[in-house]
Each structure stands twice: as C-alpha cells, then as structure tokens.
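An overview of the molecular structure
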Amino acid sequence: MSVQILLYGKLLGIEDLLLACPATGDSTSALIGRSHWVMLLSEALPRALLAEFRLARVLLGSSGGGQFLLVLPGESREAADEFLLRAGGEIDAMSGGLLRLVWAITENLGDWSVVRRRLGEEMQRKLAAAPEAVDFVPFEPPASSSPNDGYFRELAGALWQTETAGWSPERPAHIAIGGGKYTWSLLPDRGEDAIPLARHAAPGRNGTAPATLEELAARAQGRKTWGVLRGDVDSMRVRIRRVHTIEDHVRLSVVYKQLFAGELSVLCSQPEFWRKVSVLYSGGDDFAVYGSWDALIPFAREMQRVFHRFTEEMLKDFPGAEGKTITMAVALAPDASSTLAGIHTEAGRQLDQAKNTDKDCMALFGRVLEWRRLADAADLKDTLSRMSAEAGAAPHFLAELGALYRKGASLWSAHGAEQRIQRPWRFTQRLNRIVTGAREREVQKLRAHLASEMMSRGAAQVKLRPAGLVALEWARLSTEV
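This structure is a prediction, so every number in the text was calculated from the model and none was measured.

Remarks on the pattern of salt bridges
Counted under the stated rule, the structure contains 23 salt bridges. Taking the shortest distance from any N to any O, the salt bridge between D234 and K355 comes out at 2.7 Å. Linking D234 in the loop between strand 8 (226-233) and helix 7 (236-242) with K355 in helix 10 (residues 340-357), this pair joins segments that are 121 residues apart in sequence. Here D234 falls in the buried class, since its relative accessible area comes to 2%. One salt-bridge network, held together by shared partners, links E43, R47 and K257.

Laid out in structure tokens, this is it:
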C-alpha cells in the first residue's frame, strides 16, 4: 500500500489582480469577472484533478478562498505536478502575470503540526526558487501581457443566472459556463459536490442584467450614491495554525467558507437587500459586497450578528479569541466618476486601518467603532433624524452639530491628544439655540436624550463620543435630498 500524500495549493496575487482592474471601459464587470474567476478556480481545479485521476471526491479536504488541500495516493505525485504546472501556466497567461498558482506536496506522516511545517517549508522553497519572488519587489509582467478582461466580462455576465460551471483539460484555467468535460452545480441544494458560490447580483431596471452602479445609487435613501463593504475574520491564520489535527483544519476551513457563501446568499435574498446589494466575492475568511450605501450598514450589522452566533456555537470548544471576531469597513463613492475597483481599494485600506487599530469593530465615516458602539450610533441616528424631520427642527440642525464636532477637533489638535471639551454646558446651550422656537415636550425629550448620548455623563470635562460623529454623518446622508 502506497503512502498517502497531501497537496496544498494556493493562488498568490489575488489582491494585485483585483487592484489592477482598468479604470476605462466596463471596469465594473471586469472586476466582478476577475473576482468570480478566482473564487471558481480554487474550487474547480482540485475537483478536476480528482476527476482526471479517477479518484474519490472524499479526498478533497478543503477548497475555496484561493487555496485547496487534497489527499492523494503517492503514485499520483508526478501526475499532480504536471496537472498543476499546466494549469499554472494558463493562469499566468490569463491574468497577465498577476496571479500565480503555487503548491506543495508532502507525505501524510506524523503529527499534523509536523506535516503542516513540512508543507510550509516546501512552499517557501518553491517561492524562493522562482526568479520573480524577490522580497519587497513586485512582479512586473511583460509589457505585452495583460489580463483577459474580455473573458472576465463574459464570465461576469454569464455567471449571474447559470446553474453549472465546467472544466476541460484543453484549457485548465478556463472556467466554462454550462459546459465542459466535468461540470458542477452552483446551486447549494444539489449535493456535496456542488460548488458553494455566493453570486447574488441586484437585478437591473429591466431584470435581464445586474444593476449598474448608477442604478444602485439611485435606489439609496437620502444621498444617491453607492459603496463597498469588506469584512475579514480577525486572526484567522492564528486560529488555523493552532488546530492539532488535519480533521480540525479541514472542518474549520469548510465551515467558514460555507458560512460566508451561505449567509451572503441568504441575506441578499431578504427584501431590504436583494435590490440594493450585490456580492463581489466571498472567501475562506473574508467577503466583499457593493450596493446602495444605506443598505450596506444594516447588512454589515446583520453579518456580524450571524458571525457572532456562529462562532459561539461552532468554536465553543476552541480556547482564545482568534477567529471568533470579525472586522468590517465601508467606503462610499464620493462622485459619479468613482469606479468599483477604486472604492474596493479604499474599503480595503480602511479595513486594514481598522484591524491595526482594534479588533471586532467597523470602520465607517472616518471612525473606527466597536460593534456595540455602532448600535449606539444607529439609535442616535434615528433620534437625529426625528429631530431634523419630524419634530420641526431648523434645516441647518445637522450642519450645526457637525460644526460643533469640527470646532472640537480643532481644539484637540491645538492642545494635544487629551480630546476634552472644557465647557460641556455650551453643548446643551447650542442644542437649545438649534431647536429654539419649537418647545413641544417631544422635542425637549429628544434634545435631552441627544445631549446625554453624545457626551459622557457626570463629568466636569467630557468627551464627545465617536459614535456621535458617525451618527451625525449617517443622519445627514439619510436626510439629504
């Protein structure tokens, strides 16, 4: 009996491929096609390898999120290398040299921590042997080489409503829609071999194509604009490295991938989201969606709620907080000339900033808030909107409060990082002036509630709460005509 081997494959340069999307032409469909292609590659390649070698589906350990793990018989080693070498060559050509397939193979012998270390060392040796793998020097593809955006645009359009994806050995990096030597269902209820793919796209005006960015912006309440929401599990790599068996490694990889693919699809089918939110991609520990700006914030809160319940149940036996929290960021398009690739990049920058600042939080409107503080901001936004619209407050109400924050910011920058206001009663006086002439009891209750929520209580020197500025911007965008 031959010794089993483990094959670990990984796609490198995913972010580079997405960031390099051209700003001219139909850049939106090109970016969507690139992201869907990457999602399908890491699902289809390991399945195709098993099918070509007539091996059982059960040997697929995990797949998706830009990587895969297979268990193979030892005699398949050379054939697997040749298979992936051909696929890697076409991946390089189709991506213009931006995306690379790398893999490592080792015997399935010893403790999982030892096997994992051998896989990592083999991967590092291959990366070091590649001529373009020089530390801190980005790989520059040949000038004549460019990604096949014609194929990616076609893929983005066809994948929206198709039921199957296929693969053929003649073009090992080409994902065929509705055909191929081997095909797999993209519907989640079609058995274990179905590919879990979150691919919801908000329908356009006529229902025959996905909604454009302009259509998504027009569906927003208040300011007519759109944005991108990105989320990433905190310290996921640490969580994966801490598991002691290959079974736990596979189980965690699979349940996280299924969580994002499944919950994104379910949430996007809800009435408040299905016409306003489209999925850009879902990975093993991250996701990105785009759509009407006003739908992205409640979408993020719902994803965080589901993720929290998932980790409480599925990871209750795993010590530590790694992999049990999630951080997100929302970036909004500032004007009509903004591209999906550009705002996706900005959302990624804000996400990195949030993760470097804290964990289990959200970056929104220039502030990083814990999730419970975001709930406070949502309540405060409702209060501000009521005072601005229903209670008859002056039209410049939100602008006046925004000016208070801006003056506070100039004071803080001039006197160090203490960030305190010396005369907190002036905040209440300013609110009194803003709502002057409207002395109804309801207005005064809202004013008192607003003052208490935007400042900490019972201190001679107070801080304006960060959630207050988020709520102000949120309310201003919601009420903008």
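And the narrative resumes.
Re empty space enclosed by the protein
Going through the model one piece at a time under the given rule, you end up with one cavity of 30 Å³ or more. Within this model, the largest cavity holds a volume of roughly 70 Å³. In terms of lining, the largest cavity is formed by M39, E43, G64, G65, I195, P196, L197, K257, A261, S282 and G283. For the lining of the largest cavity, a count of residues per class yields five nonpolar, four polar and two charged.

Examining helix 5 (residues 149-159)
Structural remark: α-helix, 3.6 residues per turn; residues separated by three or four positions point the same way. Burial in helix 5 covers these residues: D149, Y151, F152, L155, A156 and L159. Projected down its long axis, helix 5 shows its buried positions confined to an angular sector of 155 degrees, all on one face. On its buried face, helix 5 sits against helix 2 (27-52), helix 3 (77-94) and strand 6 (171-177).

Some words on the sheet that holds strand 8
The six strands lie next to each other as 9-10-8-11-12-13, forming an open sheet whose pairing is mixed. Among the strands making up the open sheet, the edge pair consists of strand 9 (277-282) and strand 13 (367-370). Neighbour to neighbour, the strand axes of the sheet diverge by 20 degrees on average, direction disregarded. Looking at chain direction, strand 9 and strand 10 (residues 286-292) are connected through five bridges and run antiparallel. Bridge assignment links Y281 to a residue of strand 10, and that residue is A288. Packing against the sheet, helix 9 (residues 293-314) makes contact with strand 8, strand 9, strand 10, strand 11 (326-332) and strand 12 (361-364), and its axis sits at approximately 150 degrees to strand 10. Here helix 10 sits on the sheet and contacts strand 8, strand 9, strand 10, strand 11, strand 12 and strand 13; the angle it forms with strand 8, its principal contact strand, is near 40 degrees.

Some remarks on the pairing of strand 8
For strand 8, the tally of buried residues reaches eight of eight residues, placing the bulk of the element in the interior. Neither face of strand 8 is left uncovered, since the one carrying W226, V228, R230 and D232 and the one carrying G227, L229, G231 and V233 both have all their residues buried. Across seven bridges, strand 8 lies against strand 10 in antiparallel orientation. Note that in strand 10 the partner of L229 across the bridge is V289. Here strand 8 runs beside strand 11; their pairing, made up of seven bridges, is antiparallel.

Points about the packing of helix 2 against helix 3
Close contact between helix 2 and helix 3 brings their axes to 11 Å; oriented N to C, the two are set at 155 degrees. Comparing the axis directions of helix 2 and helix 3 gives the class roughly antiparallel. Taken as a pair, helix 2 and helix 3 cross one another with a handedness that is right-handed. Residue-level contacts link W37, L41, L45, A48, L49 and E52 of helix 2 to A80, F83, L84, A87, I91 and M94 of helix 3. Each residue belonging to the contact of helix 2 with helix 3 can be placed in one class, and the counts come to eleven nonpolar, no polar and one charged.

Digging into the packing of aromatic side chains
The full count for this structure, using the stated rule, is eleven aromatic pairs. Measuring from ring centre to ring centre gives 6.3 Å for Y256 and F307, while their planes differ by 40 degrees; the resulting arrangement is tilted. Separated by 51 residues along the polypeptide, Y256 in helix 8 (residues 246-268) and F307 in helix 9 bring together distant segments of the chain. Of the residues examined, F307 reaches a relative accessible area of 2% and is grouped as buried. With a centroid separation of 5.1 Å and an interplanar angle of 80 degrees, the aromatic rings of F273 and F299 are classed as edge-to-face. Of this pair, F273 sits in the loop between helix 8 and strand 9 while F299 sits in helix 9, and the two are 26 residues apart along the sequence. Taking relative accessible area as the criterion, F273 reaches 3% and is therefore assigned buried.

Procedures and definitions
- Residues numbered from 1 in each chain as written.
- Predicted model: local features only at pLDDT ≥ 70, side-chain atom pairs only at ≥ 80, totals over all residues.
- Heavy atoms only, no water.
- Salt bridge = Lys/Arg side-chain N within 4 Å of Asp/Glu carboxyl O.
- Helix = DSSP H or I, 4+ residues; strand = E, 2+ residues; numbered from the N terminus.
- Buried < 20%, exposed > 50% of the residue type's maximum accessible area, 1.4 Å probe, protein only.
- 1 Å grid on protein atoms, 1.4 Å probe; cavity = no way out; pocket = protein on both sides within 12 Å on 5 of 7 lines; lining within 4 Å.
- Points joined across faces, edges and corners; volume = space filled by probe spheres on them.
- Nonpolar A, V, L, I, M, F, W, Y, C, P; charged D, E, K, R; others polar.
- Arc of directions from axis to C-beta.
- Contact = heavy atoms within 4.5 Å.
- Pairing = 2+ DSSP bridges.
- Axes fitted to C-alpha atoms, helices over the stretch in contact; angles between N-to-C directions.
- Parallel < 35°, antiparallel > 145°, perpendicular 65-115°, else oblique.
- Left-handed = near helix turned anticlockwise from the far one by under 90°.
- Phe/Tyr/Trp six-rings, centres within 6.5 Å; stacked < 30°, edge-to-face > 60°.

Structural measurements only, silent on function.
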